[in-house]
Amino acid sequence: MGGSIKINLEVRDAIIESDAGDVVKCYQCGRCMAACPWNLLDGLDYTTYRFCQRIRLGAIIDSEEKEEIAADTIDVFRCVGCDSCKVECPRGVGLSDILRAVRRILVDYDSYPGELKSVVTRVFSSGNPLGESTEKRGDWSAGLNIPQYTEDCEYLYFPCCLPAYDTRAKKVAQATARILKRANVSFGIIGKEEFCCGEAVRRVGAEKVFQAAVKQNTELFKKAKVHKVIATSPHCLVTFTKEYPEYYDGFETLHAVQVFDRLIKDKTIVPKRPFEKTVVYHDPCTLGKQMDIYDEPRAVLKSIPGLKLIEVPIFNRDFSICCGGGAMGLWRDWPQDERLADLRAEQILETGADILCVACPYCLQMFEETIKSLNASIEVMDISEILELSLE
Ligand code: SF4
Ligand code: SF4
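Trainee: How should the environment of Pro113 be read in this particular structure?
Mentor: For Pro113, the position within the fold is in the loop between α6 (95–108) and α7 (114–126). Spatially, the C-alpha atom of Pro113 lies 20 Å from that of Tyr362, the residues being 249 residues apart in sequence.

This is the structure:
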């Protein structure tokens, strides 16, 4: 913090009122800094423990020096919302929530990274971060004979934006839908009227776009009489479960892996075909640290004959390191030596596994890109793809 930073109590009060009330709990122990994955990168000091103090003092993002404002903005938008700090904090302080409150102010003043602005604009105008046509939102299901959702269906399958549009991620939605069909799960899809769940836009501070997403989806769910949702993305899961109920609580959401686990446990599906590979499972932050879903994916993988499940030593379950894709990190262009996906991929490659198993479309995309750039040979697969191969 340079000498030219001014105290601004008005900004401080606005930040604290906007979800950052927990700043008063922080007693500056620094454990969040030790837990934050950015500090595992050589030469990078992400001094997370200072955010609460600076907000309390009204001394964040209020400098007259352009360089200081730029450096502060990078720091505020660096957080990927993994919640490793929250898991470790003795006071339960979630820095991603606190930084989200700071981001809201910056977004309101249009002072945030250009890569993020483009994504926010695309979500607002097209209902998805890729800027694809809403008309094509259900195209991933072509030829699979999946029924349109009606009130007679038990579940709505909500694939998330990446599996709806991205060529690689579509395969995850397709594998999931085929497994659900094979198990005679009563489900349907809606397609073009769906809107992005809004998780990423909220995390970067674009609150008005998040509110538009909530309005569109909740009105749709009410009209279609949706009471249960199956999500492929843990980002949708965490948002529908923890954020939407403030506006509408008429539905519950399960992640696909929870459904697979139930179907295997009650023997509705029985993995029989051997999958003779060594598989390392990467815990997505939104599924593990934020929803406490650690055992179900492991139970699904362990039920597959021939599959040898291994773990990244130490950095597994709630010590798992973020792929870097959260809070729109997927769309950031960090320098080569500031990529969390590379850091995590190196830990994973050291295990010697044949397959890196993920359960999140963001992790899938982050790791596919990073594995390619590292020229490594491990294959990245979603858990639905592995499970489907084991079903006869
Ligand atoms: S771990 Fe919690 S209490 Fe300690 S410095 Fe970080 S936010 Fe503050
Ligand atoms: S949420 Fe993750 S990236 Fe953000 S400050 Fe906490 S540990 Fe660091």
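Trainee: Would you explain the domain arrangement of the protein in this entry?
Mentor: It is common to give the size of an interface as the accessible area that goes away when the parts come together. One can read the domain layout of the protein as domain 1 (9–112), domain 2 (115–261) and domain 3 (269–390). When each unit is reduced to the centre of its C-alpha atoms, the spacing between domain 1 and domain 2 is 30 Å. Between domain 1 and domain 2, the residue contacts involve 9 residues of the former and 8 residues of the latter. Here the side of domain 1 that touches domain 2 gets 6 residues from one element, more than from any other, and that element is α6. By residue class, the composition of the side of domain 1 that touches domain 2 is 4 nonpolar, 2 polar and 3 charged.

Trainee: Is there a simple way to think about the site of ligand 1 in this case?
Mentor: Every residue close to ligand 1 is listed here: Cys26, Tyr27, Gln28, Cys29, Gly30, Arg31, Cys32, Tyr49, Cys52, Cys89, Arg91 and Val93. When grouped by side-chain class, the residues that make up the shell around ligand 1 number 8 nonpolar, 2 polar and 2 charged.

Trainee: Would you mind showing me how to read the packing of helix α1 (residues 9–17) against α6 here?
Mentor: Between two packed helices, the angle of one axis relative to the other and the distance separating the axes together describe the packing. Contact pair α1 / α6: the axes reach a minimum separation of 8 Å and the direction vectors enclose 125 degrees. One finds that α1 runs oblique with respect to α6. For α1 against α6, the interelement crossing comes out right-handed. Counted together, Val11, Ala14 and Ile15 of α1 and Ala101, Val102 and Ile105 of α6 form the full contact between these two elements.

Trainee: How should the sheet that holds strand β4 (residues 252–255) be read in this particular structure?
Mentor: Picture the strands of a sheet paired through backbone hydrogen bonds; they go either parallel or antiparallel. Strand order across the open sheet formed by 4 strands is β2-β1-β3-β4, with parallel pairing between neighbours. With one partner strand each, in any of the chains shown, β2 (187–188) and β4 form the two edges of the open sheet. Contacts between helix α13 (residues 256–265) and the sheet are confined to β3 (228–231) and β4, with β4 contributing the most and set at about 75 degrees to the helix.

Trainee: Would you take a moment to explain unusual backbone geometry for this structure?
Mentor: Backbone phi values are negative for most residues with the exception of glycine, while trans is the configuration of most peptide bonds. At Gln28, a position not held by glycine, the phi torsion is positive, near 65 degrees. Its location among the elements puts Gln28 in the loop between α1 and α2 (31–35). For Gln28, a count of 9 C-beta atoms within 10 Å translates into the label exposed. Not every positive phi belongs to a glycine, and Asn375 is a case in point at roughly 60 degrees. Examined against the element boundaries, Asn375 turns out to sit in the loop between α16 (361–373) and β8 (379–382). Here Asn375 falls in the exposed class, since 6 other C-beta atoms lie within 10 Å of it.

Trainee: Explanation requested: the sheet that holds strand β7 (residues 355–358) in the structure shown.
Mentor: Taken in spatial order, the 4 strands of this open sheet run β6-β5-β7-β8, and their pairing is parallel. Each of the sheet's edge strands pairs with one partner strand only, and the pair in question is β6 (308–310) and β8. If you compare each strand with its neighbour and ignore which way they point, the axes differ by 35 degrees on average. Relative to β8, β7 runs parallel, the two being bridged by 4 bridges. Within β8, the residue paired with Ile355 across the bridge is Glu379.

Trainee: In this structure, what is going on with the packing of helix α9 (residues 167–182) against helix α17 (residues 383–390)? I would like to understand it.
Mentor: Contact geometry of α9 with α17 gives a least axis separation of 8 Å together with a crossing angle of 45 degrees. On the basis of the axis angle, α9 is oblique to α17. As α9 packs across α17, the resulting crossing turns out to be left-handed. Contact with α9, carried on its side by Lys171, Val172, Ala175, Thr176, Arg178 and Ile179, involves Ser384, Glu385, Leu387 and Glu388 of α17 and no other residues of that element.

Trainee: Before we go on, may I ask you to explain the site of ligand 2 in this structure?
Mentor: Near ligand 2 lie 13 residues; those nearest to it are Cys36, Cys79, Cys82, Ser84 and Cys85. Where the shell around ligand 2 is concerned, the elements lending two or more residues are α5 (84–88) and α6. Its residues assigned to classes, the shell around ligand 2 shows 8 nonpolar, 4 polar and 1 charged.

Trainee: Is there a simple way to think about the environment of Tyr247 in this case?
Mentor: Structurally, the position occupied by Tyr247 is in the loop between α12 (234–242) and β4. By the C-beta count within 10 Å, which is 11 here, Tyr247 ends up exposed. In sequence terms Tyr247 and Gln211 are 36 residues apart; their C-alpha atoms lie 9.4 Å from each other. In this structure Tyr247 touches Val214 and Thr218, once residues within four positions along its chain are discounted.

Basis of the calculations
Residues numbered from 1 in each chain as written. Chains lettered and ligands numbered in written order. Predicted model: local features only at pLDDT ≥ 70, side-chain atom pairs only at ≥ 80, totals over all residues. Helix = DSSP H or I, 4+ residues; strand = E, 2+ residues; numbered from the N terminus. Domains from an automatic or database assignment. Contact = placed C-beta atoms within 7 Å. Nonpolar A, V, L, I, M, F, W, Y, C, P; charged D, E, K, R; others polar. Near = placed C-beta within 6 Å. Axes fitted to C-alpha atoms, helices over the stretch in contact; angles between N-to-C directions. Parallel < 35°, antiparallel > 145°, perpendicular 65-115°, else oblique. Left-handed = near helix turned anticlockwise from the far one by under 90°. Pairing = 2+ DSSP bridges. Buried ≥ 20, exposed ≤ 12 C-beta atoms within 10 Å, placed from the backbone.

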